[in-house]
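Residues per chain, in single letters:
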Amino acid sequence: MIVAEAKPFDEIKEMVNGYRKVLVLGCGSCVTVCMSGGQKEAELLAAALRIARGIERREATVDAKTILRQCDEEFVRQVRDELSSYDAVLSMACGAGVQGMNEWLRNVPVLPAMNTRFIGLCEGQGKWVEVCAACGDCVLGVTGGICPVTSCPKGILNGPCGGNKKGRCEVSPDVPCAWVLIYERMKERGKLEEFKKERAAKDWSKRQRPGRYTHRP
Amino acid sequence: MRPIIVPPCQAACPINTDVRGYVSAIARGDAEEALRVIRRVNPLPSVCGRICTRRCETACRRAQVDAPVAIRALKRYAADLAIGQSFFTRPLSSYPEKVAIVGSGPSGLVAAHDLALLGYSVTLFEARPVLGGLLSEGIPKYRLPKEIVQREIGAIVSLGIEVKTGVRFGKEVSLDGLLWDFDAVFIAVGSGKGIVPQCDGVDLSGVFSGVDFLKEVDRGDRQAPGRRVVVIGGGHTAIDAARTCIRLGVSEVTVVYRRSLEEMPAGKEEVLRAEEEGVRFVYCAAPIRFIGKTRVERVRFARTALGEPEESGRRRPVPLEGSEFDLEADAVILAIGYAPDAEEIKEAGLKVGERGTIVVMDETGATDITGVFAAGDVVTGPMSVVDAMASGRKAAGAIHRYFRRIPDNAFDRLVSLRPLETSVTAAIQKSERQEPSLLPREQRTTSFDEVESALDHEQARREALRCLNCGAGATVDGECAACLNCVRVCPFGIPAMGAQTVEIDVAQCQACGICAAECPACAIHLKDDARYPMRPGVDRVLEKAREESPDIVVTGFYCCFRHPLGPPVERHALSWIPVLCLGRLRESDILYPFEVGAEGILLVSCRDEECRFGRGVRLLAERVERVKTILDDTGIGGSRLSVVAGDDECDRFIRGIERLGINPVRTGKRVAA
């Protein structure tokens, strides 16, 4: 799932400064699941903007709404007329949603309220961690299902490196060494022989941007 | 027939009272609304608040955790605040038909009430000089004071019901005569004839019926029946007769019942009260002979053993040979049941059933004579007051449909919520049941003063808060993104992933509101939201506060479980909003008063370990931190928001707000955070 988080409030406020009537638009998919950009957050951000504008004695029309997905034109089309009555839409979707919205909603600027962070997993209520770097050449099959490209700050394919201290990474004691985790996982599965094999360099050309995918080429 | 799922208390109540509705009204201090909810279905609430057999409490799911909610006591609490007050008026337009109701017991009274409200002319016939049947003469006044009965009846009669007392069915009025004058007749004459056991000596003087005895006492023409009284039976009449004897000064009263305490229809609490007053109980013994010359001197009993269960589900008592024993008695009161007067019924030309009852066609109470309906004890044999009321209600509906030629409707069937799962009961906080106080024993044995008093305000609020709000919990709408946050935060582990969205089992949900407050899609709604409307509540409170305190307004949210009696402190600048656990407040709920101009917001929560729902306080603390950040960011300042515990903290907070001055939203000046 794509995880995004709201930008600092001042930045958002500044961004919509020039617009009189603003709609905070939540997205009902990934960012709702990671709690940062669903209807609840849209309402809260709208309220905060109304308060801030109220204090500055400015026009305080800031509404909130959510659609199921901002990254598909069909969903956006359903609300196009309604959205067109605003001077700006403040999107709480990921970068894909914001770009799609700008593409399909030509007459209204769509501004990002979020910083899109990563593809991640929930680590318990309200906590997410990045687990996939979208490298385009997955190695999980030979690393016990733990991604060294994402979870190791160096992204090395044959670890651990000398920076491993008691299972923690030299980068930060908060970061576990991905290669120690991979070792333990493979040991648990009786696959240490495989662990000892050298892994060849990845095909980084697959990560060339912008990536494209066609279902039936 | 459409099944409607309701809380167990409502499904168990013969008149389907919205128990949860009125209990929750009491919990939030709105006794008037509670009474309105009760009165919607019950014209005798103060009567029922005293003597109802409370099937609701037997069904109450609180019992799975500790003890059932004291529902009857709560009903009495609400009802006694306005005894006899009319809540409804007769409709302006009325139907031409006239109905005669014969018998003014609970069944007849409810039928009269309902038919009058439907717009029919109702005449109520009663053989005795006072209305009420058993309520007025039969149920002793230490359980049911007569002025209460008369005031509630007065309110019913004031709906424009014509009353004819001293008119006996079969004597002063006949069925034929009534059918000549009225378009329909409802017979609810009850069952006033005591059943007499088939044993030798039953005709001796000093042996008499419990029903007659209690009636005579209520009419004021009965002295102590003897020095040593034996009461035979195990129902309410038996216990009532025994306790009445004590009050008349009888020195030795023994109740003999043929089964064990477990099977006793009167209930353990009644037995306990009687024992406190000095009544002796002998179980598993049945009378076989009454012995004496002209007046009874002794009663011979045989011990019984309990055999196979009977149709009623209770085990049949079987006399044991050679187990006879005698009890000395100078008076014997028989309270083994009563039956309708078969002669009256037969003479009227109605079909008589096995035990002298009127035979009806179906549950509408229609008899084989067109336009004649019957219900209550006279149809079923002795039943509880609330069952009799329910029978009157059904009959009134049937008479209305008969007049208006409306086909018998398929009644909506009320289905009770399932019992709580043990995983849920284990997570529910225990809470002691509030009991009404009782008259001291010495006063009970020497007077007919009412034994039980009403709950006081504090007890009532505390008791009402014990209600688990069954079925008023969370529902999930189509906006659910299946994020599973509710699954992760629920203190009771109730939300579960369904096919597409999360599903919350209405039978298990405890209505804490924590999941709704955490739902990022705003897809979870509480059924009781309508009763605790957050935003209109805030608007109303702020508007009022602004009139009274134009400078500084502080909005306070307090947890009802922590402060059941209302706001923790009263201050000029403070306006309060009660919340059932602050764990249901969203960040935007906390922020909202600032948006509409409040200077400060105070949250009075429980201590973490006290939270009724376990994690409400902790989640609130997290949300408050978040809102403080927003307040700092927007320029209002996070110090205008605080979670406090005690009174002095409230005052300190208000002083702090006074120093900060008015909300910059109102002035438009940005104040340094």
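Worth saying up front: this structure is predicted, and the values here are computed from it rather than measured.

Caption draft 1: Here's a closer look at the overall build of chain B. A count of helices and strands for chain B gives 25 helices and 26 strands. By principal-axis analysis of the C-alpha atoms, chain B measures approximately 100 × 60 × 50 Å. When each of the 673 residues of chain B is scored for burial, the buried share is 50%. In chain B, 71% of the contacts between residues at least 6 apart in sequence involve partners at least 24 apart.

Caption draft 2: The nonpolar core, seen in detail. If you look at the biggest cluster of nonpolar residues, it comprises 214 residues, and the most contacted ones within it are Val24 of chain A together with Ile26, Leu74, Ile101 and Phe186 of chain B. Top contributing element to this core by residue count: helix 3 (residues 39-55) of chain A, with ten residues. Here Ile101 of chain B is in contact with Gly108, Ala111, Ala112, Val122, Leu124, Phe125, Phe186 and Ala188 of chain B, once residues within four sequence places are set aside.

Caption draft 3: View of the domain arrangement of chain A. Examined at the domain level, chain A breaks down into domain 1 (2-118) and domain 2 (134-207). Inter-centroid distance (C-alpha atoms) of domain 1 of chain A to domain 2 of chain A is 38 Å.

Caption draft 4: Expanded view of the interface of chain A and chain B. Counting residues at the interface gives 23 residues for chain A, matched by 26 residues for chain B. Elements with a contribution of two residues or more to the side of chain A that touches chain B: helix 1 (9-15), helix 2 (30-33) and helix 3 of chain A. For the side of chain A that touches chain B, a count of residues per class yields nine nonpolar, seven polar and seven charged.

Caption draft 5: View of the domain arrangement of chain B. Residues and elements named next belong to chain B. Assigned domains of chain B: these are domain 1 (9-85 + 419-464), domain 2 (98-191 + 339-404), domain 3 (194-336), domain 4 (474-530) and domain 5 (534-667). The centre of domain 1, based on its C-alpha atoms, is set 30 Å off from the matching centre of domain 4. If you look at the interface, domain 1 gives seven residues, while domain 4 gives six residues. Looking at the side of domain 1 that touches domain 4 element by element, the count peaks at three residues for helix 16 (residues 422-427). When grouped by side-chain class, the residues that make up the side of domain 1 that touches domain 4 number four nonpolar, two polar and one charged.

Caption draft 6: Broad picture of unusual backbone geometry. Residues and elements named next belong to chain A. Of note, the bond from Gly159 into Pro160 is cis; its omega dihedral lies within 30 degrees of zero at -5°. Within the secondary structure, Pro160 is located in the loop between helix 7 (148-151) and strand 8 (168-169). In this chain, Arg209 is followed by Pro210 through a cis amide linkage whose omega measures -5°. In this fold, Pro210 is placed in the segment after helix 9 (192-196). The phi angle at Ala134 is positive, at roughly 50°, despite the residue not being glycine. Secondary-structure assignment places Ala134 in the loop between strand 7 (128-132) and helix 7. Overall, the presence of 12 C-beta atoms within 10 Å leaves Ala134 in the exposed class.

Definitions and limits used
- Residues numbered from 1 in each chain as written.
- Chains lettered and ligands numbered in written order.
- Predicted model: local features only at pLDDT ≥ 70, side-chain atom pairs only at ≥ 80, totals over all residues.
- Helix = DSSP H or I, 4+ residues; strand = E, 2+ residues; numbered from the N terminus.
- Buried ≥ 20, exposed ≤ 12 C-beta atoms within 10 Å, placed from the backbone.
- Contact = placed C-beta atoms within 7 Å.
- Core = buried A, V, L, I, M, F, W, Y, C linked by C-beta atoms within 7 Å.
- Domains from an automatic or database assignment.
- Nonpolar A, V, L, I, M, F, W, Y, C, P; charged D, E, K, R; others polar.

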